[in-house]
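Here is how the chains run, residue by residue.
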Amino acid sequence: MAEDESWAEVIKTCDCCSPMQQASMALLDEYFEKSKSKPFHGYNPKRHSRSGGLNAAGRAKFKRETGANLKRPVTKKPSKLKPGSKAAKRRKSFCARMGGSKGPTSKDGKLTPKGAALKRWNC
């Protein structure tokens, strides 16, 4: 292999690979090139709430795109909720699911999205 030839050129011209294998390798290369090009740069203030979770505009956009009806978080204090009410059950279920999931709640002194959500739901 010459120094100026890339692996993609070698694969396209090699005799041992079928055209189907060459095409699949090209598709894989394209996929991995695209996935590396767009890193995550934080939350979107138009869609996310500073205190964690989606704001009204974010929930509306999600509903338009997918048809799902996301509800607001239950942010009342547990002492203010009526025991056994729908909101109390929903809060308890969310806290049990999210509190038990793996992952940090804070990094470098800042809340992660998981930590912000747990704080907002009073878990």
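Criteria and cut-off values
- Residues numbered from 1 in each chain as written.
- Predicted model: local features only at pLDDT ≥ 70, side-chain atom pairs only at ≥ 80, totals over all residues.
- Heavy atoms only, no water.
- Polar contact = N/O pair within 3.5 Å; in protein donor to acceptor, adjacent residues only side chain to side chain.
- Helix = DSSP H or I, 4+ residues; strand = E, 2+ residues; numbered from the N terminus.
- Core = buried A, V, L, I, M, F, W, Y, C linked by side-chain atoms within 4.5 Å.
- Buried < 20%, exposed > 50% of the residue type's maximum accessible area, 1.4 Å probe, protein only.
- Contact = heavy atoms within 4.5 Å.
- Phe/Tyr/Trp six-rings, centres within 6.5 Å; stacked < 30°, edge-to-face > 60°.
- Disulfide = S-S within 2.5 Å.
- Expected span 1.5 Å × (residues − 1).
- Arc of directions from axis to C-beta.

**Q** Honestly, helix 3 (residues 56-66) in this entry has me stumped. Any pointers?
**A** Its side-chain oxygen at 3.2 Å from the backbone nitrogen of Ala57, Asn55 defines the N-terminal cap of helix 3. Just downstream of helix 3, Gly67 is the residue with a positive phi angle, here 85°.

**Q** What should I look at first to understand the nonpolar core in this one?
**A** In a soluble, globular protein the nonpolar side chains are often hidden away together inside. Membership of the largest hydrophobic core is limited to six residues, which are Val74, Leu81, Ala88, Phe94, Ala117 and Trp121. Among residues more than four places away in sequence, those in contact with Trp121 are Pro73, Val74, Arg90, Arg91, Phe94 and Cys95.

**Q** Quick question: what am I supposed to make of the packing of aromatic side chains here?
**A** Geometry of an aromatic ring pair is reported as the spacing of the ring centres plus the angle between the planes. The final tally for this structure, using the stated rule, is one aromatic pair. Note on Phe94 and Trp121: the rings are 4.0 Å apart at their centroids and 20° apart in plane angle, and the pair reads as stacked. Within this pair, whereas Phe94 is found in helix 4 (residues 86-99), its partner Trp121 is found in the segment after helix 5 (113-120), the two being separated by 27 residues in sequence.

**Q** Got a minute to help me understand the state of the cysteines in this structure?
**A** This structure, assessed with the given rule, holds one disulfide. With its sulfur 1.9 Å from that of its partner, Cys95 forms a disulfide with Cys123. Taking the sign of the S-S torsion, about -75° here, the bridge from Cys95 to Cys123 comes out left-handed. Of this pair, Cys95 sits in helix 4 while Cys123 sits in the segment after helix 5, and the two are 28 residues apart along the sequence. Judged by relative accessible area, which is 14%, Cys95 ranks as buried.

**Q** Would you take a moment to explain unusual backbone geometry for this structure?
**A** For residues that are not glycine, phi is negative in most cases, and the peptide bond is trans in most cases. Non-glycine residue Asp108 carries a positive phi angle of around 55°. Mapped onto the fold, Asp108 is located in the loop between strand 1 (106-107) and strand 2 (110-111). Positive phi outside glycine occurs at Asn122, with the angle close to 60°. Considering the arrangement of structural elements, one finds Asn122 in the segment after helix 5. Among the residues examined, Asn122 registers a relative accessible area of 22% and is labelled partly exposed.

**Q** It is not clear to me how helix 4 should be interpreted in this structure. Could you clarify?
**A** Since one α-helical turn is 3.6 residues long, residues separated by three or four positions face the same way. Between its first and last C-alpha, helix 4 extends 20 Å over 14 residues, near the 20 Å set by a 1.5 Å rise per residue. Every buried residue belonging to helix 4 is among Ala88, Arg91, Phe94 and Cys95, and all of these are buried. Viewed along the axis of helix 4, the buried residues span an arc of 130°, placing them on a single side of the element. Away from the buried face of helix 4 by more than 90 degrees, exposed residues Lys86, Lys89, Ala96 and Arg97 are located.

The values reported here are purely geometric and, on their own, carry no functional implication.
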